[in-house]
Each structure stands twice: as C-alpha cells, then as structure tokens.
Amino acid sequence: MRLNKYISHNTKYSRREADTLIEAGEVTLDKRPLKEFGYEVQVDDRIFVKGKAVKITNELTIIVYNKPKGVLVTKKDDRGRATIYHKLPGKYRHFTPVGRLDYASEGLLLLTDDVEVASALMESGLDRTYNLKIDKAVTSEMMEAMKEGLVLDDARAGAHEKSKIYAMEFAPFAHFEVRSEGKNFSKLRVTIKEGKNRELRRFFAHFDAKVLDLKRISFGGIELNNLPENKTRYFTRREYDDVHKFMKRWRTNRIADVKNEINAKKQKEDNKQEAYNEKNKGTKKPPQNKKFKYKD
C-alpha cells in the first residue's frame, strides 16, 4: 500500500494531509525521515507520524451511516463545504466510504476500516435501492429504458458541471415501482446493481426529468430502516457473517480471473507461434557459409 494511502487508512489524516506531512519530514520509518511519496509500506515496517506510531488493526469494522443532504463524501473540500468527516465521530476519521452519495443525496452509506473490503463492495454488482422523486410523470419511454437499459453518447445532463464523464451505459434496473404520482411529480423506488457517477440523475435527465429527492435505503441487503439522520450503527453479527462469505467468494473469483488472464495470454502466444510455424512449414533455411580452419 502506498505511503499516503497507508497513513490515511490508519490515522485521522487525509491523503493530501499525509502528502504534506511526508514533504515536511513528519513521517518516519524507524526514526528515518521518509520522503518518498511512492514508497510501498511493507508488512514489518514501523511507520511514525509526528513521533507517534501508526497502529494497524486486522479486525474488520463496518458501520452504517445515514448521510444527510448538503454533506460531501470526501475527507476535505477545497471550497470549505461540510464533509461526512465533519459530522462523524473522530474515531471514524480513517474509515473508507463504500462508494459515494452526491452532495444533494442522502441515506445509507457504508464505511469500513478495510480498504480491500471497501473496494470489493464498491465494485460489486450488489443491489442498491433508492427512493427518489422526479419533477414529472413517469413516461412509457422511461419505463422501457428502466426495463431494457440505455446507452447514451452524451450523458452530461444531470451530471456535475465539472464532470469529465460524457458517455454512459445504463444497465436494466433490477427492480422499479412507481409509488405515487401527481401532475408535476412522481415518486419511485428503484434498485440498480451499479454505482456510476450520478447514474440516476443522468438517467432521468435524459428524459428531461429532474431528480428532486434521492435517498438510498439499502445496499447489498443492508437496510437503513429507522436509523436517524446523521447517526451510525455497527454491523450486526449476521451482516458481518454475510460480508465474510462475500469476501471469500470475491477473493476466489479474483484468483480465478488472474489465472484465466494468464492462461489466455499463454494461449494467444501459443496460437501465434503455431500460425508462424504453419506459415513457414517446409521452408528451408538458406545454407550458411561454413568456415574451415586449415592446419599447416
């Protein structure tokens, strides 16, 4: 793990703050200043920040947080806006969020002290369920796209103005239902299996519909239920058991993917060599001039 990531993961400091500390010589490896930003921390390394040893834990902790609107999912904002780490107790400062909820969205957000678990859950195809409200009635075109999926070459509508993501492919929704409708609004509950950048806002913006409210109520079977806004709870034993089973499958699949990639590369090289041999079959190499040594 890179040095700044290691510090961010195991201390209260963000990666940017870790970079500043590294540059200032405040980070040491066995009392030796460590100023290599790209340094990969080894298992037996003893890293100190401002003279204090960085303590690591192998015990997995995951919390459920009910994120309020108007809060960013980041450690630090250049514009000085509130982040989840301003709201959360200090003991969660080093926790990594599983995905993002944008500034105007609210609801269930998972955070964990294990980067590998965070990445695995984030990249998974686990169900994500949202309650949302749009500013118009649901159309047949929307219904069709939710059923069949959608591919947009220009998906900038509904995105953040500085987003560099233009095109986007939307998989069919795992589930959706219209819960209520009025003349100028519709309330839906939708379940998707991806967590792309502002995915739902972009999707409905394509149909000239603005998402007025967006609240995530579950992720991978973990329910928000009646957890109050801006409050946290720890995973239950059953939820931890489910995560451990999920991670076991994830690691097994990852190993299989690596092996398949190696085998595919080897097969490609073998096919290339076989084609070369077939092409040059029967072709004799030009005779080489032999050099003779004569004895007097």
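Heads up: the structure comes first, above all this text.
All of the points below concern the structure found in this document.

About the thresholds
- Residues numbered from 1 in each chain as written.
- Predicted model: local features only at pLDDT ≥ 70, side-chain atom pairs only at ≥ 80, totals over all residues.
- Heavy atoms only, no water.
- Buried < 20%, exposed > 50% of the residue type's maximum accessible area, 1.4 Å probe, protein only.
- Helix = DSSP H or I, 4+ residues; strand = E, 2+ residues; numbered from the N terminus.
- Pairing = 2+ DSSP bridges.
- Salt bridge = Lys/Arg side-chain N within 4 Å of Asp/Glu carboxyl O.
- Contact = heavy atoms within 4.5 Å.

**Considering the pairing of strand S7 (residues 106-112)**
- Among the seven residues that make up S7, seven are buried, leaving the element largely enclosed by the rest of the structure.
- Pairing analysis gives six bridges linking strand S5 (residues 62-67) to S7, with the strands arranged antiparallel. Bridge pairing links Asn 66 to Leu 108 in S7.
- Of the pairings in the sheet, the one linking strand S6 (residues 96-97) to S7 comprises two bridges and is antiparallel in character. Opposite Pro 97, over in S7, you have Leu 111 as the bridge partner.
- Relative to strand S13 (residues 211-219), S7 is paired through two bridges, and the arrangement is parallel. Its bridge partner lying in S13, Gly 107 is registered against Arg 216.

**A closer look at the pattern of salt bridges**
- All told, the structure shown has 13 salt bridges when counted by the stated rule.
- Across the pair Lys 69 and Asp 213 runs a salt bridge whose closest N-O atoms are separated by 2.6 Å. Of this pair, Lys 69 sits in the loop between S5 and helix H3 (84-87) while Asp 213 sits in strand S13, placing them 144 residues apart in sequence.
- Given the relative accessible area of 38%, Lys 69 is considered partly exposed.
- Among the salt bridges present, the one from Arg 198 reaches Asp 102, with a minimum N-O distance of 3.9 Å. With Arg 198 in the loop between strand S12 (186-192) and helix H6 (199-205) and Asp 102 in the loop between S6 and S7, this pair connects stretches of sequence that are 96 residues apart.
- Its relative accessible area of 26% is what places Arg 198 among the partly exposed residues.
- With relative accessibility at 15%, the residue Asp 102 sits in the buried group.
- One network of salt bridges, with partners in common, ties together Asp 102, Arg 198 and Arg 201.

**Things to note about the environment of Asn 230**
- Counting through the fold element by element, Asn 230 comes out in the loop between strand S14 (222-223) and strand S15 (232-234).
- Between the C-alpha atom of Asn 230 and that of Asp 153, which follows or precedes it by 77 residues, the distance is 37 Å.
- Once residues within four sequence positions are removed from consideration, Asn 230 is found in contact with Tyr 65, Asn 66, Pro 68 and Lys 87.

**A few points about the environment of Ile 84**
- As for its position among the elements, Ile 84 is in helix H3.
- By relative accessible area, which is 0% here, Ile 84 ends up buried.
- As a C-alpha pair, Ile 84 and Thr 74 span ten residues in sequence and 6.9 Å in three-dimensional space.

**Remarks on the pairing of S12**
- The buried count for S12 comes to five of seven residues, which makes it a mostly enclosed element.
- Sheet topology note: the strand S8 (residues 128-134)/S12 ladder contains seven bridges and is antiparallel. Of the residues in S12, the one forming a bridge with Arg 128 is Ile 192.
- Looking at chain direction, strand S11 (residues 175-181) and S12 are connected through six bridges and run antiparallel. Directly across from Glu 177, in S12, lies its bridge partner Arg 189.

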